[in-house]
Amino acid sequence: MEESKLSNSESLQIITEMIGQAKRNMAKKGSFCFLLWGWVVLLGNFGFYIIAKYQLFPYPYVIWSITLPAIIVTVIYSMRQKQGSIARSQLDNIYMHLWMAILIAVVTVLIFMPKMNYSHNAVILLLAGLGTFVTGKLIKFNPLVIGGLALWIGAIIAFNVPVIDQYLVGGFAIIVGYLIPGYLLKRAESE
Amino acid sequence: MSDYKNLDPLLHSQLRLAVMSLLLALKSAEFVFIKEKTGSTAGNLSVQLDKLAQAKYIDVKKSFKGKKPLTTCSITKKGVLAFENYVEVLKGYIEN
């Protein structure tokens, strides 16, 4: 870019173009976490449902131990992303804090699930819907916005079915609200 | 073209304006990123970043990434105000 005197329209063009460049850099590679957690929660929900419903094993909740390696992978992946990133947007920060806040809320819900008569799945779907909806709006990616709405519908259904069936509802809601938008996001990132 | 005298001369330059516009939308950016996005040469970019840093429009941090030197830039509050002011004056010219 050469130094020269600018006309008003050239100034505007530079501002618009550069802000566009910065935007294109934002929130890329977000699909990895959506897909990882989509599959983990899907396996957890369906696994729990099948084990508990057909009484295959006395402790169905052990299926949720699959979240431990997923947490480790997420932490390592996020640290590498932070180190490898040559530009960090305000949006990246908002995005990270949003999901951290949701994680804290989910852990709190899980701690107090006996007090909620084990309807925690419906509340977790509400929280996941919130994160997905806001993320979709932030990065202007409509499949995630629709995904957030799907998770909220899943939450409403989950509130109205027996506890065991909430796992089945949760699994289907994650496919529609998390995995499908996650794969669409992955495709959009590679374009 | 002739009526740009009220525009901040520090911002009314192709490369400096491009750098400020880029940094406005980002929390921070490395030198190589700015160089790539603005399509400038390393030498010219260094000179222009120095001018912006001297005016305290941007904050330049020098560190190391492994063994390589790393320059990271971010816009300051003064820089954001100057940029907003520049856009306001520009809007005034266009509306007239």
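Note that the structure is predicted; figures quoted are calculated from it, not measured.

Colleague: Sorry if this is basic, but what is going on with the packing of helix H5 (residues 120-138) of chain A against helix H6 (residues 142-159) of chain A here?
Modeller: A pair of packed helices can be characterised by two numbers: the angle between their axes and the separation between those axes. All names here are of chain A. With their axes 7 Å apart at the nearest point, H5 and H6 run at an angle of 165 degrees to one another. Accordingly, the angle class assigned to the pair H5 and H6 is roughly antiparallel. For the crossing formed where H5 meets H6, the hand is left-handed. Listed contacts from H6 to Asn-121, Ala-122, Leu-125, Leu-126, Ala-128, Gly-129, Thr-132, Phe-133, Thr-135, Gly-136 and Lys-137 of H5 are Asn-142, Leu-144, Val-145, Gly-147, Gly-148, Leu-149, Leu-151, Trp-152, Gly-154, Ala-155, Ala-158 and Phe-159. Considering only residue class, the contact of H5 with H6 consists of 13 nonpolar, 9 polar and 1 charged.

Colleague: Honestly, the interface of chain B and chain A in this entry has me stumped. Any pointers?
Modeller: Frequently, the measure chosen for interface size is the accessible area removed from exposure when the parts meet. Taken together, the contact between chain B and chain A spans 25 residues of the former and 22 residues of the latter. The set of elements that each furnish at least two residues to the side of chain B that touches chain A consists of helix H1 (14-24), strand E1 (26-30), helix H2 (31-38) and helix H4 (77-95) of chain B. Considering each element in turn, the side of chain B that touches chain A owes the most residues, 7 residues, to H1(B). Sheet topology places strand E1 (residues 87-89) of chain A next to E1(B); 3 bridges connect them, and they run antiparallel.

Colleague: Looking at this model, I keep getting lost on the environment of A:Ser7. Mind explaining?
Modeller: All names here are of chain A. Residue placement: Ser-7 occurs in the segment before helix H1 (8-24). Using a count of 13 C-beta atoms within 10 Å as the deciding quantity, one classes Ser-7 as partly exposed. C-alpha of Ser-7 to C-alpha of Leu-91: the two residues are 84 residues apart in sequence and 31 Å apart in space.

Analysis parameters
- Counting of residues starts from 1 at the beginning of each chain's written sequence and follows it residue by residue.
- Starting at A for chains and at 1 for ligands, labels are handed out in the order in which the entities are written.
- Given that this is a predicted model, residues contribute local features only at a pLDDT of at least 70 and side-chain atom pairs are listed and counted only at 80 or more, while totals for whole chains, interfaces and linings are drawn from all residues.
- All axes are obtained by fitting lines to C-alpha atoms, using only the stretch in contact for helices, and the reported angles, taken between N-to-C directions, cover 0 to 180 degrees.
- To qualify as a helix, a DSSP run of H or I must reach at least 4 residues; to qualify as a strand, a run of E must reach at least 2; elements of each kind are numbered from the N terminus.
- For this classification, under 35 degrees means roughly parallel, over 145 means roughly antiparallel, 65 to 115 means roughly perpendicular, and everything else is oblique.
- Crossings are classed by handedness, with left-handed meaning an anticlockwise turn of the near helix from the far one by less than a right angle and right-handed meaning a clockwise turn.
- Contact between two residues is assigned whenever their backbone-derived C-beta positions fall within 7 Å.
- Following the grouping adopted for this structure description, the nonpolar residues are Ala, Val, Leu, Ile, Met, Phe, Trp, Tyr, Cys and Pro, the charged ones are Asp, Glu, Lys and Arg, and the polar ones are all others, Gly among them.
- One bridge is not enough; two strands pair if DSSP finds at least two bridges between them.
- Residue burial is a threshold on neighbouring C-beta atoms within 10 Å of the residue's own C-beta, all placed from the backbone, with 20 or more meaning buried, 12 or fewer meaning exposed, and counts in between meaning partly exposed.

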